[in-house]
Amino acid sequence: MFLHKALSVTSRTAIRSSQLRSFARLSSTMVPKLKDPSLFKQNVCYVNGEWIPASSGKTFEIHDPATSKLIGSAPEFSASDVSNTITHAATAFESFRHLTGRERSKLLRKWYDLVVANAEDLATLITWENGKPLADAKGEVTYAANFFEWFSEEAPRIYGDTIPSSVPGNRVFTIKEPVGVCGLITPWNFPAAMITRKIGPALAVGCSVVVKAPGETPFTPLALAELADRAGIPKGVVNVITANENTVEVGQELTTNPTIRKISFTGSTGVGKLLMKQCSSTLKKLSLELGGNAPFIVFDDADVDLAVAGAIASKFRSSGQTCVCANRIFVQRGIYDEFAAKFAEKVKAFKVGNGFEDGITHGPLIHHRAIDKVDQHVRDAESKGAKVVLGGHKLPDLGENFFQPTVLTGMTTEMAMAHEETFGPVAGLYPFDTEEEVVRIANESPVGLAGYFFSRDLERVHRVAEHLEVGMVGVNTGLISDPASPFGGVKESGFGREGSLYGIGEYQVTKMVTYGGMGKRLQN
Ligand code: SIN
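Residues numbered from 1 in each chain as written. Predicted model: local features only at pLDDT ≥ 70, side-chain atom pairs only at ≥ 80, totals over all residues. Heavy atoms only, no water.

**Focus: the layout of surface pockets**
Empty space among the atoms can be located by rolling a probe the size of a water molecule over them.
Thought 1: For the second largest pocket, the calculated volume is near 210 Å³.
Thought 2: Taken together, Lys 132, Asp 136, Gly 139, Glu 140, Tyr 143, Phe 190, Arg 317, Ser 318, Leu 479, Ile 480 and Ser 481 make up the lining of the second largest pocket.
Thought 3: A per-class count over the lining of the second largest pocket returns 4 nonpolar, 3 polar and 4 charged. (1 Å grid on protein atoms, 1.4 Å probe; cavity = no way out; pocket = protein on both sides within 12 Å on 5 of 7 lines; lining within 4 Å. Points joined across faces, edges and corners; volume = space filled by probe spheres on them. Nonpolar A, V, L, I, M, F, W, Y, C, P; charged D, E, K, R; others polar.)

**Observations concerning the site of the ligand**
Thought 1: Close to the ligand lie 13 residues, the nearest being Tyr 143, Glu 289, Arg 317, Cys 323 and Ser 481.
Thought 2: In the environment of the ligand, an oxygen atom lies 3.1 Å from a nitrogen or oxygen atom belonging to the side chain of Asn 189.
Thought 3: Calculation on the ligand without its partners gives an accessible area of 250 Å², and the protein chains cover 100% of this total.
Thought 4: One can see that the ligand is located within the largest cavity.
Thought 5: Looking at the shell around the ligand, its residues break down into 6 nonpolar, 4 polar and 3 charged. (Near = heavy atom within 4 Å. Polar contact = N/O pair within 3.5 Å; in protein donor to acceptor, adjacent residues only side chain to side chain. Areas by Shrake-Rupley, 256 points an atom, 1.4 Å probe, with all protein chains shown as cover. Sits in = over half its atoms within 2 Å of the grid points.)

**Here we look at the sheet that holds strand β17 (residues 406–409)**
Thought 1: A sheet is described by the order of its strands in space; here 7 strands give the open sequence β16-β17-β18-β15-β14-β20-β21, paired in mixed fashion. Strands at the two margins of the open sheet, each flanked by one partner only, are β16 (387–390) and β21 (472–475). Direction aside, neighbouring strands of the sheet carry axes that sit 25° apart on average.
Thought 2: As paired strands, strand β20 (residues 450–454) and β21 are joined by 4 bridges and run parallel to one another. Looking at the pairing, Gly 451 lines up with Val 473 of β21.
Thought 3: Here helix α11 (residues 336–348) sits on the sheet and contacts β14 (294–298), β15 (326–332), β16, β17 and β18 (426–432); the angle it forms with β18, its principal contact strand, is near 170°.
Thought 4: Against the sheet, helix α12 (residues 368–383) touches β16, β17 and β18, its axis set at about 25° to β17. (Pairing = 2+ DSSP bridges. Helix = DSSP H or I, 4+ residues; strand = E, 2+ residues; numbered from the N terminus. Axes fitted to C-alpha atoms, helices over the stretch in contact; angles between N-to-C directions. Contact = heavy atoms within 4.5 Å.)

**Points about the state of the cysteines**
When the sulfur atoms of two cysteines share a covalent bond, that bond is a disulfide.
Thought 1: Here the structure, examined in full by the defined rule, presents 0 disulfides.
Thought 2: As a non-bridged cysteine, Cys 182 has Cys 207 as the owner of its nearest cysteine sulfur, 3.9 Å distant.
Thought 3: With no disulfide of its own, Cys 323 lies 8.5 Å from the sulfur of Cys 325, the closest cysteine sulfur.
Thought 4: Assessed through its relative accessible area of 12%, Cys 323 is described here as buried. (Disulfide = S-S within 2.5 Å. Buried < 20%, exposed > 50% of the residue type's maximum accessible area, 1.4 Å probe, protein only.)

Structure below.
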């Protein structure tokens with residue numbers, strides 16, 4: 001699979017000697033073949049239409065989660081590098097906001113076309129730095145591209161309102177304006193899609209953006225930036241920066257710099273709370289897509305085979321590393337044993353390994369901290385009486401980041417898995433007796449992102465969908481993500497919606513204009 005040696009670095013700027021040393025070391029790194037090697041950007045970030053290193057020359061290393069081998073390095077941006085980037089984004093905003101919706105639409109469409117045309121290379125980068133199987137990575141590229149397509153279609157359709165005034169003779173209307181320069185902070189689990197989901201609406205309405213790419217997966221975002229450049233997105237409108245050790249200071253700059261008018265963050269609830277606190281100093285508009293603890297409920301009137309397929313799709317997507325993965329699988333007692341047997345049978349068929357290998361269905365987790373958490377959850381459940389029906393252990397022979405797809409039965413709410421997001425390939429099955437009981441337990445969580453249930457009873461379908469305290473409900477399906485649907489949570493899963501018509505509003509401010517003394521009657 002690893003066909004040739006490290007690709008040359010594309011940079012329009014001078015390269016410092018420390019970087020040259022690091023390139024020399026990287027030249028022994030084996031990298032997967034890309035059709036277009038210039039999409040692989042090392043040691044440079046995309047700022048104001050230029051590829052530049054960190055002002056300090058510092059870089060950090062990124063490792064392949066499957067092999068633990070070095071992939072390459074990326075710039076360690078500092079707060080002052082971020083501040084300069086924001087200044088460029090602010091200059092770009094002043095002209096970009098005045099393009100027509102149709103002009104912005106065409107730019108997004110061009111970017112979409114380029115993402116589609118380069119899908120294989122983008123998928124290769126995703127698998128390499130994130131670990132997910134190549135087929136899943138290709139699926140992510142399609143998902144990511146679709147956000148550009150969807151929002152390119154919205155860009156020319158940004159309407160305000162006319163409002164009947166309560167004051168005689170007054171006329172009231174609203175203008176939807178772009179909020180300004182946006183700071184977008186994105187996670188490693190979808191290196192492409194979580195970025196396009198934020199950039200799509202931002203550009204559609206006329207904002208410029210500074211994207212902080214995740215330290216684990218910077219190369220896919222940088223490749224997207226290269227495609228933005230080729231699409232002719234005006235310089236400074238899209239900026240992609242990287243940091244690892246400096247992530248806290250970069251986050252601090254993005255959330256306190258007064259020029260940034262909006263922050264959109266996808267990640268943990270803990271970090272979301274911190275960013276929100278920091279944003280309060282300049283009262284920024286905020287969207288937070290934070291952690292979940294998704295209940296997945298199978299009632300005894302469900303189609304069991306369909307429910308098993310839905311649970312597999314939801315729980316094991318990206319090896320359990322999505323915020324909407326089923327985290328607590330509740331199965332009504334009458335069908336519990338049948339469901340558990342059929343579910344375990346499906347999980348047994350998984351093939352775990354390097355995502356580049358044919359037939360692999362599940363790749364590694366992102367790093368050893370993820371493995372440690374998963375292992376702790378299994379050990380905790382086991383010590384409190386759960387039965388390990390399948391898996392349950394690390395897979396050191398495959399590499400340090402692999403864990404067996406695991407099925408646990410006899411789960412109870414005393415176990416850590418009932419309260420914390422596992423973010424890994426471990427499915428715990430909880431028996432329950434009544435609808436009232438399971439909905440109460442499902443809602444006993446401070447977070448509420450996604451929830452799923454399977455039932456063929458129409459009345460129950462409406463009742464339970466209305467009672468679950470989550471932002472998104474899947475009924476008789478384990479997959480709910482779609483650029484056309486509003487994605488987001490309630491409670492400590494955050495607020496704001498991404499994708500869909502609602503995603504557009506997150507990047508706008510509503511300006512109200514009142515015309516006074518206009519009268520109603522025609523003049524004689
Ligand atoms: C996430 O894990 O935050 C996003 C998952 C999705 O878009 O489906």
